[in-house]
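This is what each chain is made of:
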Amino acid sequence: MRLETIHARSFGPFTDRTLVLAPGLTVIHGPNESGKSTWHSAIYFGLCGMRRARGSPRGDERDYAERHRPWKAEAWEVGAVVALDDGRRIELRHDLEGRVDCRATDAALGRDVSAEIMYEGAPDGSRFLGLDRRAFLATACIRQAELLGITQQGGLLQEHLQRAAASARSDGTAAAAIARLVEFHKEQVGQTRTNSTKPLRRALDRLEAAQEALRAAADDHRAYCQLVARADELRADAASTRDRLRAMRALVAAREAESWSVRVERAHELGARFAAGPPASRSDDDDLAAAVESALRAFADRPIVVDLGGTSATEIRDRIAALPQVPAGDRAPDPLVLSARKDYAETRHALELHEADRPAPVKQPATGGASEDTLRDLARDLELETPAIDPVLGERVTQAEQHLADLAEQPRRRGVLIAGVAAALAGASAIGFGMTIAGLVMLAVAGIALIVWMLMRTGPQARINALTELRIAEDALGAEKHAAADVARRRAAAETAVAARGLSAIPADLRGLARELADAAQAARDHERWTVRHRHLLTACSATEARLAAELERRGVTVSGRASDAAAGYLTSCADRTRIAAEAARRADFERELAAREAAEQAVADARERRRRAEQTLQDVAARCGAAAACTRPEDAETIAAALREWQATRTASIAADERRRAEWVELETLLAGDTLEALAAKDAELAAEAARLRALVDPALLEHTADVASDAAALQREADDAAREAALAEGALAGRGRELASVAEAEEEAAAAAADLERLRRLEQTLNVTRDFLSRAQERVHRDIAPVLAETVRRWIGRVTGGRYVDALVDPHSLEVRVRSATGEWREATRLSHGTTEQVYLLLRMALARHLARPGERCPLILDDVTVQSDRARTLAILGVLQAISREHQVVLFSQEDDVLTWAEHTLQEPTDRLERLEPVPVAS
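Calculation criteria
Counting from 1, residues in each chain are numbered in the order their sequence is written. Only residues with pLDDT of 70 or above have their local features reported here, since the model is predicted, and side-chain atom pairs are shown and tallied only from 80 upward, although totals for entire chains, interfaces and linings are computed over all residues. Calculated side-chain values reflect all of the structure's heavy atoms, with hydrogen atoms and water omitted. A run of H or I in DSSP counts as a helix once it spans at least four residues, and a run of E counts as a strand once it spans at least two, with each numbered from the N terminus. The buried label goes to any residue with under 20% of its type's maximum accessible area, the exposed label to any with over 50%, and the partly exposed label to all in between, with areas taken from a 1.4 Å probe on protein chains only. The contact rule is simple, with two residues in contact once any of their heavy atoms fall within 4.5 Å. Computed with the Shrake-Rupley method and a 1.4 Å probe, the accessible areas treat only the protein chains shown as cover for residues. For helices, the fitted line uses only the C-alpha atoms of the stretch in contact; every axis is such a line through C-alpha atoms, and the angle between N-to-C directions lies from 0 to 180 degrees. Each angle receives one of four descriptions, namely roughly parallel if under 35 degrees, roughly antiparallel if over 145, roughly perpendicular if within 65 to 115, and oblique otherwise. A clockwise turn of the near helix away from the far one marks a right-handed crossing, whereas an anticlockwise turn of less than a right angle marks a left-handed crossing. We call Asp, Glu, Lys and Arg charged. Ala, Val, Leu, Ile, Met, Phe, Trp, Tyr, Cys and Pro are nonpolar, and the rest, Gly among them, are polar. Salt bridges are defined by distance alone: a side-chain nitrogen of Lys or Arg within 4 Å of a carboxyl oxygen of Asp or Glu. Classification of ring pairs rests on two measures: the distance between centres of Phe, Tyr or Trp rings, Trp counted by its six-membered ring, which must be within 6.5 Å, and the angle between planes, read as stacked under 30 degrees, edge-to-face over 60 and tilted in between. Should DSSP find at least two bridges between two strands, the strands are regarded as paired. Look down the strands so they point away from you; if going from the first strand over the helix to the second traces a clockwise path, that crossover is right-handed. In this analysis, the expected span of each helix is defined as 1.5 Å times one less than the number of residues it contains.

Trainee: Account for the overall build of the protein chain, with residues named and values stated.
Mentor: Of regular secondary structure, the protein chain possesses 25 helices and 15 strands. The burial tally for the protein chain puts 37% of its 926 residues in the buried class. The contacts in the protein chain between residues at least 6 apart in sequence include a share of 73% that link residues at least 24 apart. Working note: accessible area of the protein chain is about 51,900 Å², and carbon and sulfur atoms make up 52% of it.

Trainee: Which residues make up the packing of helix H9 (residues 335–356) against helix H15 (residues 507–554), and what values do they have?
Mentor: Viewed as axis vectors pointing N to C, H9 and H15 meet at an angle of 155°, and their least axial separation amounts to 8 Å. As the angle between them shows, H9 and H15 are arranged roughly antiparallel. Considering how the two elements wind past one another, H9 and H15 form a crossing that is left-handed. For the contact of H9 with H15, a count of residues per class yields 13 nonpolar, five polar and nine charged.

Trainee: So what about the pattern of salt bridges? Which residues, and what values?
Mentor: Taken as a whole and judged by the stated rule, the model has 33 salt bridges. Across the pair arginine 89 and glutamate 4 runs a salt bridge, and its minimum N-O distance is 2.8 Å. Taken as a pair, arginine 89 in strand S5 (residues 89–95) and glutamate 4 in strand S1 (residues 2–11) lie far apart in primary sequence, 85 residues in all. A single network of salt bridges, built from pairs that share partners, joins Glu77, Arg93, Asp101 and Arg103.

Trainee: I'd love a proper account of the packing of aromatic side chains, names of residues and values included.
Mentor: Enumeration according to the criterion identifies five aromatic pairs in this entry. Consider the rings of phenylalanine 11 and phenylalanine 45, whose centres lie 6.1 Å apart with planes at 50°: the pair is tilted. Taken together, the residues span a long stretch of sequence, with phenylalanine 11 in strand S1 and phenylalanine 45 in helix H1 (residues 36–48) at a distance of 34 residues. As far as burial versus exposure is concerned, phenylalanine 11 and phenylalanine 45 are alike and both buried. Relative to tryptophan 39, the ring of phenylalanine 14 lies with its centre 4.9 Å away and its plane at 25°, an arrangement referred to as stacked. Taken as a pair, phenylalanine 14 in strand S2 (residues 14–20) and tryptophan 39 in helix H1 lie far apart in primary sequence, 25 residues in all. Pair check on accessibility: phenylalanine 14 and tryptophan 39 agree, each one buried. A connected cluster of aromatic rings, assembled from ring pairs, spans Phe11, Tyr44, Phe45 and Trp76.

Trainee: Which residues make up the pairing of strand S13 (residues 862–865), and what are the values?
Mentor: Neither face of S13 is open: one carries Leu862 and Leu864, the other Ile863 and Asp865, and all of them are buried. Two strands pair when backbone bridges link them, and strand S9 (residues 141–142) and S13 are joined in this way by two bridges, in the parallel orientation. Its bridge partner lying in S13, isoleucine 142 is registered against leucine 864. Relative to strand S14 (residues 892–896), S13 runs parallel, the two being bridged by four bridges. Looking at S14, one finds that leucine 864 is bridged to leucine 894. Once the chain exits S13 it traverses helix H24 (residues 873–886) before rejoining the sheet at S14, and the crossover so formed is right-handed.

Trainee: An account of the sheet that holds S1 is requested, with residue identities and associated values reported.
Mentor: Note: strands within a sheet are paired through backbone hydrogen bonds, in either parallel or antiparallel orientation. Spatial strand order, S2-S1-S4-S5-S6: five strands in an open sheet with antiparallel pairing. With one partner strand each, in any of the chains shown, S2 and strand S6 (103–106) form the two edges of the open sheet. Across the sheet, the mean angle from the axis of one strand to that of its neighbour is 15°, orientation sign disregarded. In the sheet, strand S4 (residues 77–83) pairs with S5 via seven bridges, with the strands oriented antiparallel. Bridge pairing in S5 links valine 81 to glutamate 91.

Trainee: I'd like a description of H1, backed by residues and values.
Mentor: The terminal C-alpha atoms of H1, which comprises 13 residues, lie 18 Å apart, in line with the 18 Å expected from a rise of 1.5 Å per residue. Taken across its 13 residues, H1 has twelve buried, putting it largely inside the fold. Taken together, the buried positions of H1 are occupied by Lys36, Thr38, Trp39, His40, Ser41, Ala42, Ile43, Tyr44, Phe45, Gly46, Leu47 and Cys48. Two residues or fewer past H1, glycine 49 is found with a positive phi of approximately 70°.

Trainee: Go over the environment of aspartate 381, please, and point to the residues and values.
Mentor: Structurally, aspartate 381 is set in helix H10 (residues 372–382). Accessibility expressed as a relative area gives 15% for aspartate 381, which makes it buried. Excluding residues within four positions of it along the chain, aspartate 381 makes contact with Arg490, Arg491 and Ala494.

Trainee: Before we move on, can you summarise the side chain of histidine 534 with the specific residues and values?
Mentor: Tracing the chain through its elements places histidine 534 in helix H15. In this structure histidine 534 comes out as buried when scored by relative accessible area, which is 14%. In this structure, histidine 534 is in contact with Leu351, His354 and Glu355, ignoring residues within four places of it in sequence.

Trainee: Tell me about the sheet that holds strand S12 (residues 827–829), and name the residues and values.
Mentor: Pairing within the open sheet is antiparallel, and its three strands lie in the order S10-S11-S12. A strand with exactly one partner marks an edge of an open sheet, and here the two such strands are strand S10 (806–812) and S12. Between one strand axis and the next, the sheet turns by 30° as a mean value, whatever way the strands run. Sheet topology places S10 next to strand S11 (residues 817–822); six bridges connect them, and they run antiparallel. From the neighbouring strand, leucine 810 faces S11, where its bridge partner is arginine 819.

Now the structure itself:
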């Protein structure tokens, strides 16, 4: 494909402007704001148009719309005329505003061929190349400063890379197949997450529901069986409980009859004992007993009288009278005085240390007026070595000149052609006159001459290529000669400057002099800082001393000499007052000791009085009990207490006998309960007859067994009632459950069907995964096939573009990352090189992609915008040479604002194969 013309009907600042492009290399040069980027975008939109689809425009589309909408007109239209490699000429027209009037027309036949290149709702001329508008923009249409953007388009170009490597006749790729498998898996299988609505999740839910229903049916069936067994068990328990209740009632009646017999017998015994009436009550000596108990308790609790030792209360009063009074004035030094004294001491100490650190005098070295940086620059220039000129460059210039001279020998080649034609005519004449052998020989000579002429034939393009090679070689040789001359000039200037200042021409001496100069400057700065610090410390010392004197006078201290001496006397006075105040402060301790001593003496007196009263009370109570005795010694009091305890014991034994008789009388009244002995006997006979009747209704074996358990008729009655009620409820629940019971067989069939459906989906998922693995491996094989093809194209030009610095390359088709090998054999990632080298490498990669991604039979043009901005002059010329060589196979359109590119184009490009287009700045509307 070749772009012939671009017509900007209404695009950016242009209205009805046409750009004509050469079939080979077209260089479009212009300054800033001359419309280079606008024409670059116009070429892209003129070929590819803009997609027409639902939804909001993409970010790049919005950016293009904002930058390239017409400045004045409402319409936004652009078109192009392209020549395909199959001979057709196509006219493209794109309505970018309405996106309706968009079409592609065969210029020769007038036939609409838009359907052939429709993509995303609009004609896309890059479809003739087997690409699409996004892939064309990512490879062949390189915008300003976007050379490295290809690394972010790896996913976009995967389908085109695989198609180019796999088959020239097929549009199907492993990536597309994998995408279709993923989509099929998504729709027909899906994932297992809970919120999915796809078949796999539905099958899992169905299986879980069927298994849950089966478990519920089995559980219901088991529960029903258990309910039947439980109902039978409850009915048996109810009957057994009723039998036990009858046995329990017979046993209770027998025990009650036996209990009444014992009660009647005990009542007869007690009635005989108290025939005269109830026993008498004893309470006439209770007061005396209480007095005895109180006197004995007081005697036992009487305090022990101790003998107090130590200092008496009188002696403590004498010590209090001898203590001094509290002195007046500061006892603790005032904090402000201490702070001022500390600040003065610190500033004084800092001043002394600073004076001891006085720096030595500064000595300036003789440098002839040269600065430190000047001395180091002179030393560096004196060490420069003249670089050697590569002899290979001279040979390249000689070879290029010789090749150009060889191309100039056109008359010699014309002679070969004339000789060949003459030999052909002579051979034909000889054959006509019957000299067949001679004629054939002459014709063979003519053929050889024609072959030699064809081999020697060259056109203008060969001379242009030779001239370009000569200029490149001369530029490289001139650059090395200029570098050598610059080194010699700088070294001579340094020698002249050193001699003029009278300095040594040895670089080491110059660097040492620079260090001495730096040391002298540092010493001067240190001395200045010391002086400033010394003045500051003197001022601070005077200020802190004045502050200390002021604080002392505020506390009533007269300062007649040094403030530090007055402060020391103030601290001594405070210490003396503190000592006297400490002695005076002992008064409170002595007063507390006096109070404690007086309390102790009073407690001893109180204890002696309580002991005397307890002994006197004991003697008085003993006199009331008839056990009186003299109490003149402690032993007498103990004797009286023993006699009183014996009296208490005798009284307690008498009271116990009276209490036993009272208890028996109470027991008799309880047994009779207001009845007579005859009534008790009649009740006893009645209970015995009832017990015999109930015993006759019960099995003796059950009665014997019941006699071994605890007798609680009420609890057993409740148990019987509960058993009967539970049996009735179980029978009712059994009838209801039987009507609602689910079928276990139907639940098992549904679970089996759900499991089979899930297994089918699992097998389908496994099949899809295996297929995707095979396609992924096929995709990897495609990557391995296309990688050498891309690398070979980059390898072909990388040495020329980088001046021989890098000689080999590897390309990862998946990520489009490039690794290059230097001339020393070291591999490096292209993105880690200098920015200019990285852009040059990825320019070659884009060229390789544009060459190999195009459909077989079509050659993809390259639209480049300022791709040499980051290159130096030598590499710029090398890139231009590469672009010119590539333009013999692929059309190249280069936009640039560099003067080196303009100069090269003026001397190199020749129409009609190539073309130079100059742009003027676009006028700004007033």
